[in-house]
Structure formats: C-alpha cells, structure tokens
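Reading the structure
Spelled out, the chains give:
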Amino acid sequence: MQQTIDDALAYARGFIKEGKVATYIPELAKGNPDHVGVCLVTKKGETYHAGDWQQEFTMQSISKTMSLILALELVGYDKVFSKVGVEPTGDAFNSIVKLETKTLHPLNPMINAGAIATASCCVGGEDPFGRFLDLVRTLCGRDTITLNEAVYLSEKKAGMRNRAMAYLMQSENILECDAEEALDLYFKMCSVSIHTQDLANYAVILANDGCHPVTGERIVESWIVRIVKTLMVTCGMYDGSGEFAIKVGIPAKSGVGGGIVASVEGQMGIAAFCPGLDAKGNSIGAYRILEYLSRHLNLHYFAGTDKKVV
Ligand code: DON
C-alpha cells in the first residue's frame, strides 16, 4: 500500500506545473504550488501518508459537505431542501447565471450559492460557527483544528460575487437570515484550516455509514451520510463531476485551497492536497493522485474487470 501511495505522488508531480494557485482570494495566492500530499485511512483504522500530508490548508468548498451535515442535523431535510435543490448545474462553482435564469433557489448545496443558503439554515441558535467547528473537530478527530483568520478576512473582503448571490437570494426570501450573517458564517466555514489526515479521517467515517471505523461510534446519521455522498458524486467536482466520475469513480469534494476529499464506500477515506488548480477550480495534483489510486487499488465504484484506461 505504501509503495502505491508513494508512486501516486510521483505520478501526480508530473502534472502539477499545469496548475494555477487561486488568486481571487488574495490570501490563497500565497499557497506553495510545489506542495503535494496525501493521506489514506482504511476502515480498520490503518493510516498511510506521503509528501506534504501534514501541510495545513483551508477547507474552502470541502466545508460544504460538513455545513450540509450540520444544516440537516439542525433543521432537517424538508427545511434545507426547501432552500436548495439537489441537481448538478454544469456551471462554474461561483456562477450566478442559474440564480437569475432558472430558479432563485440554488441548484445544489455544493456550489457557492447553495452553500450560502445552507449556511443560512445554521445561523439560528447560539454560536453557529462554534457548533460547526465542534462538528469538524469530531469528524476529523483533532481538537486543535481552528480558523485561519487571515484567509477568513481575505475572503470576507474579496467575496463580492458571493455577496451578490446572497443579496439576490435574500431579495426572494430564500435565506433563513440576513445575507451578511449567512455570508460571514460561510466565509468562516471555508477558512477552517486542516491537513490531509484530518480529511481522510472524515472521509472514512462517511465510507463507514457515519460510524467511527475503530470505535464503531455513530458520528453522523446514516440518512445524512447517504445524501452527502450522493451529492459528492453528482456535484462534488462542480462542472467536472461527470469526467471525475468516469476517470476516478469515488464520491469526492474539492476546494480551491487545493484539497480533495474522497470516500471509498465501505473501504477507506482518502485526502489529497496540492494548491495548483485546473480551470474548473479542482486541484490538478490531488485529482491525479486519486486517479492513480483508483486505478491501482481498483477503487472505482463500477470497477468491472476491464482495466482499459480512459
Ligand atoms: O466562496 C468561494 O469562492 C470559496 N470560499 C470556495 C470556493 C471553492 O472552494 C470552489 N472549489 N473548488
């Protein structure tokens, strides 16, 4: 296993020059494009890693899977999905176009507009970000996980597209709270700092129907895990979700910080990190690591018997 992971990293290094670090959030422009890391945690709790696996980065859109868990726990299925749909968009993660031309309800919780609407469902009650951070720490198994204040402030300052979408939704009474409150929580959720082992620990809980792989303790309800993993398949890689499904075939979610988290059903959690992104905002290095692991460990959900590479 360790050899395969080392080989995956070496394979991915051949592609990382093609990536571009996100700059639309100025603080993310400081990411080192040479960082590449991966961590894999099996259902038995065995952990493997390689490269810059302990390098911290911000979750960005990976947080959308966790804010969806929190919203479903807090206000339930009917409320959340009265605000946001469950269909792929085929548009960029920060696109505003469908909000105006199709429906003011954002199409799914994995795009920015959908995640802002989801965050608005978490705002009622005391200390919403504190509750979110507690959930992240539990899912990732690390008590010291915290906010990257510099990235949060940078996002808050630069997030004009998100602000435009939030106000558009507020104008149609889609948000559960004031636009600025929903945005503030959303920006903080995106700015939580983690490393690949944190995310692999989370992904193996998803792979194990919401239960901790070693203790067996239930962390997330099964129906919520099913929804989150399904949306990772259909929308987790944005307008690259279809191609990722064919080439890698693992429920996954990317973030512009350079991370991708992937949950191999009943088997393992994997997280990979490399800050350079493709045109759709998905990390090129992390994508290639997952592609390699899927092919060499036979992880595609429709693996079959023919090893033809596409
Ligand atoms: O709101 C944003 O644009 C970022 N905080 C998150 C976007 C993101 O991670 C898209 N992912 N690939």
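Predicted model only: the values in this text are computed from it and were never measured. (Residues numbered from 1 in each chain as written. Predicted model: local features only at pLDDT ≥ 70, side-chain atom pairs only at ≥ 80, totals over all residues. Heavy atoms only, no water.)

This next bit is on the overall build of the protein. Along the protein, the regular secondary structure elements total twelve helices and eight strands. Taking 19 Å as the expected radius of gyration for a compact globule of 310 residues, we find that the protein reaches 18 Å, a close match to that expectation. Counting only C-alpha atoms and orienting by the principal axes, one finds that the protein spans roughly 55 × 40 × 40 Å. Per-residue burial for the protein yields a buried fraction of 58% across its 310 residues. Nonlocal contacts in the protein, meaning residues at least 24 apart in sequence, comprise 69% of its contacts between residues at least 6 apart. With the model as given, the accessible surface of the protein reaches about 12400 Å², and the carbon-plus-sulfur share is 51%. Distance from the positive charge centre (29 side chains) to the negative charge centre (35 side chains) of the protein: 5 Å. (Helix = DSSP H or I, 4+ residues; strand = E, 2+ residues; numbered from the N terminus. Rg over C-alpha atoms; globule rule 2.2 N^0.38 Å. Buried < 20%, exposed > 50% of the residue type's maximum accessible area, 1.4 Å probe, protein only. Contact = heavy atoms within 4.5 Å. Areas by Shrake-Rupley, 256 points an atom, 1.4 Å probe, with all protein chains shown as cover. Lys, Arg positive; Asp, Glu negative; His and termini not counted. Charge placed at Lys NZ, Arg CZ, Asp CG, Glu CD.)

Bringing the site of the ligand into the picture now. Around the ligand lies a shell of 15 residues, among which Tyr-24, Gln-60, Ser-61, Glu-155 and Tyr-186 are the nearest. In the model, a nitrogen atom of the ligand is placed 2.7 Å from a nitrogen or oxygen of the Glu-155 side chain. Between the ligand and Gly-281, the relevant distance is 3.0 Å, taken from a nitrogen atom to a main-chain nitrogen or oxygen of the residue. Here the shell around the ligand is built from residues that sort into seven nonpolar, seven polar and one charged. (Near = heavy atom within 4 Å. Polar contact = N/O pair within 3.5 Å; in protein donor to acceptor, adjacent residues only side chain to side chain. Nonpolar A, V, L, I, M, F, W, Y, C, P; charged D, E, K, R; others polar.)

The next subject is the sheet that holds strand β5 (residues 192-194). The sheet built from three strands is open, its strands ordered β3-β5-β4 with antiparallel pairing. Among the strands making up the open sheet, the edge pair consists of β3 (57-58) and β4 (146-147). With two bridges joining them, β3 and β5 adopt antiparallel strand pairing. Its bridge partner being in β5, Phe-57 is matched across the sheet by Ile-194. The strands touched by helix α5 (residues 128-140) are β4 and β5; relative to β5, the strand with the most contacts, the crossing angle is about 10°. (Pairing = 2+ DSSP bridges. Axes fitted to C-alpha atoms, helices over the stretch in contact; angles between N-to-C directions.)

The domain architecture assigned to the protein consists of domain 1 (2-58 + 194-297) and domain 2 (61-190). Centre-to-centre separation of domain 1 and domain 2, based on C-alpha positions: 20 Å. Taken together, the contact between domain 1 and domain 2 spans 35 residues of the former and 34 residues of the latter. Interface area lost by domain 1 to domain 2 is led by Tyr-202, Leu-231 and Tyr-238, which between them contribute 20%. Our enumeration of links across domain 1 and domain 2 arrives at two salt bridges. (Domains from an automatic or database assignment. Buried area = accessible area lost by both parts, 1.4 Å probe. Salt bridge = Lys/Arg side-chain N within 4 Å of Asp/Glu carboxyl O.)

On to helix α4 (residues 112-120), then. The buried fraction of α4 is high, at nine of nine residues. Those residues of α4 lying buried are Asn-112, Ala-113, Gly-114, Ala-115, Ile-116, Ala-117, Thr-118, Ala-119 and Ser-120. The elements touched by buried residues of α4 are α2 (63-83), α3 (97-101), α7 (160-171) and α8 (179-190).

This part takes up the packing of aromatic side chains. Aromatic ring pairs are defined here through the distance separating the ring centres and the angle between the ring planes. Considering all chains together, one arrives at ten aromatic pairs under this definition. Taking the centre distance of 6.1 Å and the plane angle of 40° together, the rings of Tyr-24 and Phe-93 count as tilted. One end of the pair, Tyr-24, is in the loop between α1 (2-13) and β1 (37-42); the other, Phe-93, is in the loop between α2 and α3, and 69 residues separate them in sequence. Each ring, one from Phe-57 and one from Phe-273, has its centre 4.2 Å from the other, and the planes form 5°; the classification is stacked. (Phe/Tyr/Trp six-rings, centres within 6.5 Å; stacked < 30°, edge-to-face > 60°.)

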